[in-house]
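Letter by letter, the chains look like this.
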Amino acid sequence: MEDAEYFYHPLENIEDTELFYEAVERNHLTKSISPERPYTYWTIELYDQKNGIRGGGGLGVLAADTRRVAEKMGIPFTLITPFYPSEIKQIYENGEISEQHIPVDYSKYGFKYCDKVNIKCHKDLCSLDVIEKRFKNTRIICITEPNFGELYSGLSGSDHRLYQEVSLGFGGYAALKLLGLKPAIMQLNEVATFFAALARLDELASNGMDFYEAVVYTRKHTLYTNHTLVQAAEAEFSREQFDRFVFPNLRSPAVRKWLSDKFTHDRIKLSSVTIEIAELRSGVSKLHTRVANYHDIAGNRVKFKPVTNGIDMDTWVLPEIMNFYRENEILDTINAPTNDYAEKLDSFTAETIKSLKTLGREILNKTLENRPDQNGKILKFTDNDFIFDFKRRFVDYKRPELPFSDLNRLRNILEPRGAHYIIAGRVHPGDDTMYKKLQNILKLIKNDDYLCDHVHYLADYDEKLAYGLSVGSNVAINVPIVGYEACGTSWMKDIANLNLLISTHDGGVADGPMSAYFCVNGASEEDELNILYQQMEDAISTWDNDFDLEFVIRRQLSAFLPIISGARMMKDYLDFLFPK
Ligand SMILES: *Cc1c(COP(=O)(O)O)cnc(C)c1O
């Protein structure tokens, strides 16, 4: 049981964030967050290959970056996530994608076994391993067992998913107690982590706290971060599933009743209960928080606070570019832009930009050494080669096929410059529609004399490929249907690595002005396509004109560096959680 002092004292407000930062820097942490009372971050997905964990996409990358940024800023931070004992590798061979299931051994990545915790599944006790990896002021705690399965295995409303989510929530909460940690704040990275907050509510209410006080307390200390636009699209669970997996884990009759009342026609959406249990709610870009359409159980539209995602720049940006940012006082020691960063950007000349990109291209070539394209060819690019890339999960709203709508036009853009177009992105296992779209693109280009060996598909998109392309290509193409991208972070990696960005005005890109990048802004898809092609032509001529290149790179960085900075994101979260 948590001590009474902790129950009845609300989080101490930090009057002045500057003082908070001074305190953090001196390592005299405030009462609100401390090593025993860390900022806790709950996520079903973590994308952190250095630590042996491969995620699915942006949600997991964000989680890994948030921890790294907290590490750099000296914030006591604990991330709780499952360790999946197996992961999927995709291979493209003879025109087909196949999947390999690769076992992963956590002990090879510096995780240490701590102990076991139990949760109830139906009438059985399930035993889960708690493993941990510690860093300076942050740690990763994982819940795992040999049959835990893979990330997103099974359908989203399936028993197995519920089992994984309940294991993370109840098992993870028990693990914190086991390790002597009490959460100062619980950030729920999407609703699959709802059960962690439920476990806390149950613990408070079953240990003698008045039920309503327990609800108020849990709500005040829980932040729900939403990444999804429409509530309707979310999978539901049935009461029968909850009877087997959830209710047996609740000790407080009042909490059981509370949860029971949240069903409609014996079905429940995790978002609706997450909204009830979290008073603090955030979205991941300004546009996203405006368009996210969520309602609480009473039918009121939910307001989300915009905290636009950022990236851990030390992870994603070429070290030589990071040195340049620091030496020229564009970024400070925690990678936040300095007060006069915009003027300091004048230190970027076309010559510097090109010499830094040459270093990046070497990294890209290394990355590609063991990753053949669809023709089985190993790609190697010279400094003068021109590369467009489209690197992102193959999902419909991101429109990977858009640039292939008019093959003649595409060829006429690429051919005069001898330019290449690289597509990298995983199709979600079982997504037939997107698998067919990919096959179709590859069939189209195969029959074109130029495109057949200048458009390359690279299978098994992962962090290393994301990094290689960000540092080594010239132009990134990002064309989600406007209103569909919650934030996106790969475009941030591109801008920070001095690539030109061609994008629709969507997600976090729309936090900045349209004039700051090559904007694809049209009233119909036909318009958008036309503008996309014009912007591709423009991007090539910009790159080949020193004056234009300097101007455009400075303009992109000037508008977007504060948005990209992970330190800015963390500061926004702290300001929201501990208001002045
Ligand atoms: C950065 C990154 C993402 C995020 O992609 P978005 O499409 O911008 O959300 C996804 N997957 C990997 C491997 C990444 O490195």
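Residues numbered from 1 in each chain as written. Predicted model: local features only at pLDDT ≥ 70, side-chain atom pairs only at ≥ 80, totals over all residues. Heavy atoms only, no water.

1. Some points on the overall build of the protein
Looking only at helices and strands, one finds 21 helices and 19 strands in the protein. Scaling as 2.2 N^0.38, a compact globule of 580 residues should have a C-alpha radius of gyration of about 25 Å, and the protein matches this with 24 Å. The C-alpha extent of the protein, read off along each of the three principal axes, is 75 × 50 × 45 Å. In the protein, which comprises 580 residues, the share counted as buried stands at 61%. Split by element, the accessible area of the protein, about 22900 Å² in all, is 50% carbon and sulfur. Across the protein, 67 positive and 85 negative side-chain charges occur, with their mean positions spaced 4 Å apart. (Helix = DSSP H or I, 4+ residues; strand = E, 2+ residues; numbered from the N terminus. Rg over C-alpha atoms; globule rule 2.2 N^0.38 Å. Buried < 20%, exposed > 50% of the residue type's maximum accessible area, 1.4 Å probe, protein only. Areas by Shrake-Rupley, 256 points an atom, 1.4 Å probe, with all protein chains shown as cover. Lys, Arg positive; Asp, Glu negative; His and termini not counted. Charge placed at Lys NZ, Arg CZ, Asp CG, Glu CD.)

2. Some remarks on the packing of helix H5 (residues 194–206) against helix H8 (residues 253–260)
Look at H5 against H8: their axes get within 8 Å of each other, and the N-to-C directions meet at 140°. When H5 is examined against H8, the residues Phe194, Leu198, Leu201, Asp202 and Ala205 are found in contact with a partner set consisting of Val255, Trp258 and Leu259. Per-class residue counts for the contact of H5 with H8 are 7 nonpolar, no polar and 1 charged. (Axes fitted to C-alpha atoms, helices over the stretch in contact; angles between N-to-C directions. Contact = heavy atoms within 4.5 Å. Nonpolar A, V, L, I, M, F, W, Y, C, P; charged D, E, K, R; others polar.)

3. Points about the side chain of Asp494
Tracing the backbone shows Asp494 in helix H18 (residues 490–496). Of the residues examined, Asp494 reaches a relative accessible area of 0% and is grouped as buried. The contacts of Asp494, once residues within four sequence positions are left out, are Asp389, Lys391, Ser470, Ala476 and Asn499.

4. A closer look at the site of the ligand
As a structural note, the neighbourhood of the ligand is formed by 15 residues, with Lys398, Ala466, Thr489, Ser490 and Lys493 the closest of them. In the environment of the ligand, an oxygen atom lies 2.9 Å from a nitrogen or oxygen atom belonging to the backbone of Thr489. At a separation of 2.6 Å, an oxygen atom of the ligand approaches a polar side-chain atom of Lys493. Elements with a contribution of two residues or more to the shell around the ligand: helix H3 (58–73), helix H17 (463–472) and H18. Both domains that meet at the shell around the ligand, namely domain 1 (2–309 + 572–577) and domain 2 (327–564), each give it at least three residues. (Near = heavy atom within 4 Å. Polar contact = N/O pair within 3.5 Å; in protein donor to acceptor, adjacent residues only side chain to side chain. Domains from an automatic or database assignment.)

5. Notes on the sheet that holds strand E8 (residues 185–189)
Note on sheets: strands pair through backbone hydrogen bonds, and any given pair is parallel or antiparallel. Overall, mixed pairing links the 9 strands, which are arranged E5-E6-E7-E2-E1-E8-E9-E12-E13 in an open sheet. Whereas interior strands pair on both sides, the edge strands pair on one side only; in this sheet they are strand E5 (112–121) and strand E13 (305–306). For strand E1 (residues 39–43) and strand E2 (residues 77–82), the ladder comprises 4 bridges, and the chain directions are parallel. Looking across to E2, one finds that Trp42 is bridged to Ile80. Its contacts with the sheet place helix H4 (residues 159–178) against E1, E2, E5, strand E6 (124–134), strand E7 (138–144) and E8, and it is angled at close to 125° to E5. (Pairing = 2+ DSSP bridges.)

6. Overview of the layout of surface pockets
Empty space within the second largest pocket amounts to approximately 1100 Å³. Lys89, Arg371, Ala459, Asp460 and Asp462 are the residues nearest the centre of the second largest pocket, which is lined by 45 residues in total. Among the elements of the structure, strand E3 (86–93), strand E4 (96–103), helix H11 (313–316), helix H16 (432–446), strand E16 (455–458) and H17 are those that each provide at least two residues to the lining of the second largest pocket. A per-class count over the lining of the second largest pocket returns 17 nonpolar, 11 polar and 17 charged. Viewed by domain, the lining of the second largest pocket spans two of them, domain 1 (2–309 + 572–577) and domain 2 (327–564), each represented by three or more residues. (1 Å grid on protein atoms, 1.4 Å probe; cavity = no way out; pocket = protein on both sides within 12 Å on 5 of 7 lines; lining within 4 Å. Points joined across faces, edges and corners; volume = space filled by probe spheres on them.)

7. Here we look at the pairing of E4
Relative to E4, E3 is paired through 8 bridges, and the arrangement is antiparallel. Across the sheet, the residue bridging to Gln90 is Glu99, located in E4. Here E3 hands over to E4 after 2 residues, with Asn94 in that stretch at a positive phi of 50°.

8. So, unusual backbone geometry
Even without a glycine there, the phi angle at Asn94 is positive, about 50°. Note on Asn94: relative accessible area 77%, which makes it exposed. The phi torsion at His122 lies on the positive side, around 55°, for a residue other than glycine. Checked against the element boundaries, His122 lands in the loop between E5 and E6.

9. Thoughts on the nonpolar core
Met313, Tyr325, Phe348, Phe388, Tyr421, Ile502 and Met536 are the most contacted members of the largest nonpolar core, which has 95 residues in total. With 8 residues, the single largest contributor to this core is helix H20 (residues 546–564). Shared between two domains, this core holds at least three residues of each, these being domain 1 (2–309 + 572–577) and domain 2 (327–564). In this structure Phe348 touches Phe324, Tyr325, Ile330, Ile353, Leu356, Leu498, Glu550, Arg554 and Leu557, once residues within four positions along its chain are discounted. Counting residues in hydrophobic clusters, the runner-up holds 62 residues, among them Cys121, Leu151, Met186 and Phe242. (Core = buried A, V, L, I, M, F, W, Y, C linked by side-chain atoms within 4.5 Å.)

10. Regarding the domain arrangement of the protein
Each assigned domain of the protein is listed here: domain 1 (2–309 + 572–577) and domain 2 (327–564). Between the C-alpha centres of domain 1 and domain 2 the distance comes to 32 Å. Each partner contributes to the roughly 2500 Å² buried at the junction of domain 1 and domain 2, and carbon and sulfur atoms together form 52% of this total. Counting every contact that joins domain 1 to domain 2 gives 2 salt bridges. Of the charged contacts, one joins Arg68 and Glu463 as a salt bridge, the two residues approaching to 3.9 Å between their closest N and O atoms. The interface formed by domain 1 and domain 2 includes 13 residue pairs in polar contact (both at pLDDT 80 or more). Those elements that provide at least two residues to the side of domain 1 that touches domain 2 are H3, E3, E4 and helix H10 (286–291). Element by element, the count of residues in the side of domain 1 that touches domain 2 is highest for E3, at 5 residues. For the side of domain 1 that touches domain 2, the per-class residue count stands at 12 nonpolar, 11 polar and 8 charged. (Buried area = accessible area lost by both parts, 1.4 Å probe. Salt bridge = Lys/Arg side-chain N within 4 Å of Asp/Glu carboxyl O.)

11. Some words on the sheet that holds strand E15 (residues 420–424)
Reading across from one edge, E16-E15-E14-E17-E18-E19 is the order of the 6 strands in this open sheet, with parallel pairing throughout. Both edges of this open sheet fall to E16 and strand E19 (518–520), since each of them pairs with a single strand only. Taking the axes of each pair of neighbouring strands and ignoring which way they run, one obtains an average angle of 20° across the sheet. In this sheet, E15 lies alongside strand E14 (residues 387–391) in parallel orientation, the contact comprising 5 bridges.

12. Some details on the packing of aromatic side chains
For the coordinates displayed, the defined rule picks out 26 aromatic pairs. Judged by centre distance (5.9 Å) and plane angle (55°), the ring pair of Tyr84 and Phe148 falls under tilted. Of this pair, Tyr84 sits in the loop between E2 and E3 while Phe148 sits in the loop between E7 and H4, placing them 64 residues apart in sequence. With a relative accessible area of 8%, Tyr84 lands in the buried category. Residue classification places Phe148 among the buried positions, given a relative accessible area of 0%. Ring geometry for Tyr92 versus Tyr457: centroids 5.5 Å apart, planes at 75°, classification edge-to-face. (Phe/Tyr/Trp six-rings, centres within 6.5 Å; stacked < 30°, edge-to-face > 60°.)

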